[in-house]
Amino acid sequence: MRWRIPIFIGAAIAGLILGILMPIKAGDQPKELTPPKPRLSEKEIIEILDVLKLGKAAKELNLTSEQLASFIPKFNRYEEVKREYYRSRRDLVSEIKKLVEKKTLDQNEKAKLEELIAKLEELDDKFYSDIREAFRAMTEGLDTVQKAKLIVFLESYRRDIRRILMHLRELGERRR
């Protein structure tokens, strides 16, 4: 029993010394330590936003577990149709822009421009058909109120995310 007291006192003294020395040592470091900024790839950011969007949609629609199991792959398909369309459209418009920015176009370039415009029209037509089918499939098994909530959600989600991201940016700037 007596041997425990010196151990306890020794531990208390060591704790006291560390408690005094650690803040002194910490004072030697720079005032503002900023943690390294995490770098997320575009793909990782898109995946995070997709999970967030899916979770929010499921909550908004108040889906049952059976509905959710059916809804997830259809929702992902709907999002992939949109993502692929906008990626392809952006590439085509970029090619069109390069040609349009030239001062003069020769016959081959004019033919190429016509071909690109035709491809863009085809892409748009295919998109409207694909997105309509993806939406129809996604809403199978939903009741009328859930369908209406989904329509409202899809319209407002992009605006809401943009508002949240702007708010986060403002918070980040305030922390600097």
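Above this text sits the structure in question.
Computed from a prediction, not measured in an experiment: that's the story for all the values here. (Residues numbered from 1 in each chain as written. Predicted model: local features only at pLDDT ≥ 70, side-chain atom pairs only at ≥ 80, totals over all residues. Heavy atoms only, no water.)

Q: Could you give me a rundown of the nonpolar core, with the residues and numbers involved?
A: For soluble globular proteins, the rule of thumb is that nonpolar side chains tend to be buried together. In terms of nonpolar packing, the biggest core is built from 27 residues, with Phe 71, Phe 75, Met 138, Leu 150 and Leu 154 touching the most fellow members. Mapped by element, the contributors of at least two residues to this core are α2 (42-61), α3 (65-100), α4 (107-139) and α5 (144-175). Sequence-distant contacts of Leu 154, that is, excluding residues within four places in its chain, are made with Lys 53, Phe 75, Tyr 78, Phe 135 and Met 138. (Core = buried A, V, L, I, M, F, W, Y, C linked by side-chain atoms within 4.5 Å. Buried < 20%, exposed > 50% of the residue type's maximum accessible area, 1.4 Å probe, protein only. Helix = DSSP H or I, 4+ residues; strand = E, 2+ residues; numbered from the N terminus. Contact = heavy atoms within 4.5 Å.)

Q: How would you explain α4 if you had to name every residue and give the values?
A: For α4, which comprises 33 residues, the first-to-last C-alpha distance of 48 Å matches the rise-based estimate of 48 Å (1.5 Å per residue) to within 8%. Buried within α4 we find Glu 109, Leu 113, Leu 116, Leu 120, Leu 123, Asp 124, Phe 127, Ile 131, Ala 134, Ala 137, Met 138 and Thr 139. For α4, the secondary structure elements touched by its buried residues are α3 and α5. A distance of 3.1 Å separates the backbone nitrogen of Asn 108 from a side-chain oxygen at the start of α4, and that oxygen is part of Asp 106. Once α4 finishes, Gly 141 follows within two positions and takes phi at roughly 90 degrees, a positive value. (Expected span 1.5 Å × (residues − 1). Polar contact = N/O pair within 3.5 Å; in protein donor to acceptor, adjacent residues only side chain to side chain.)

Q: I'd love a proper account of the layout of surface pockets, names of residues and values included.
A: Taken as a whole, the second largest pocket holds about 870 Å³ of empty space. Together, 22 residues line the second largest pocket, and Lys 53, Glu 79, Lys 82, Tyr 86 and Arg 158 are the ones closest to its centre. Secondary-structure elements contributing two or more residues to the lining of the second largest pocket are α2, α3, α4 and α5. Of all the elements, α5 adds the most residues to the lining of the second largest pocket, at eight residues. Classifying every residue of the lining of the second largest pocket by side-chain character gives 11 nonpolar, no polar and 11 charged. (1 Å grid on protein atoms, 1.4 Å probe; cavity = no way out; pocket = protein on both sides within 12 Å on 5 of 7 lines; lining within 4 Å. Points joined across faces, edges and corners; volume = space filled by probe spheres on them. Nonpolar A, V, L, I, M, F, W, Y, C, P; charged D, E, K, R; others polar.)

Q: Describe the pattern of salt bridges, listing the residues and the values that go with them.
A: Under the definition given, this model contains 15 salt bridges. Of the charged contacts, one joins Glu 140 and Arg 136 as a salt bridge, the two residues approaching to 2.4 Å between their closest N and O atoms. Looking at Arg 136, the relative accessible area reads 41%, which means it is partly exposed. (Salt bridge = Lys/Arg side-chain N within 4 Å of Asp/Glu carboxyl O.)

Q: Quick one: what's the story with the packing of α4 against α5, residue by residue and with numbers?
A: Look at α4 against α5: their axes get within 11 Å of each other, and the N-to-C directions meet at 135 degrees. As summarised for this structure, α4 and α5 are arranged oblique, according to the angle between their axes. The handedness of the crossing between α4 and α5 is right-handed. In this structure, α4 contributes Phe 135, Met 138 and Thr 139 to the contact, and α5 contributes Lys 147, Leu 150, Ile 151 and Leu 154. Of the residues belonging to the contact of α4 with α5, the class tally is five nonpolar, one polar and one charged. (Axes fitted to C-alpha atoms, helices over the stretch in contact; angles between N-to-C directions. Parallel < 35°, antiparallel > 145°, perpendicular 65-115°, else oblique. Left-handed = near helix turned anticlockwise from the far one by under 90°.)

Q: Which residues make up unusual backbone geometry, and what values do they have?
A: The backbone of Asn 62 shows a phi angle near 55 degrees, a positive value even though the residue is not glycine. For Asn 62, the location among the structural elements is in the loop between α2 and α3. You can call Asn 62 exposed: its relative accessible area is 61%.

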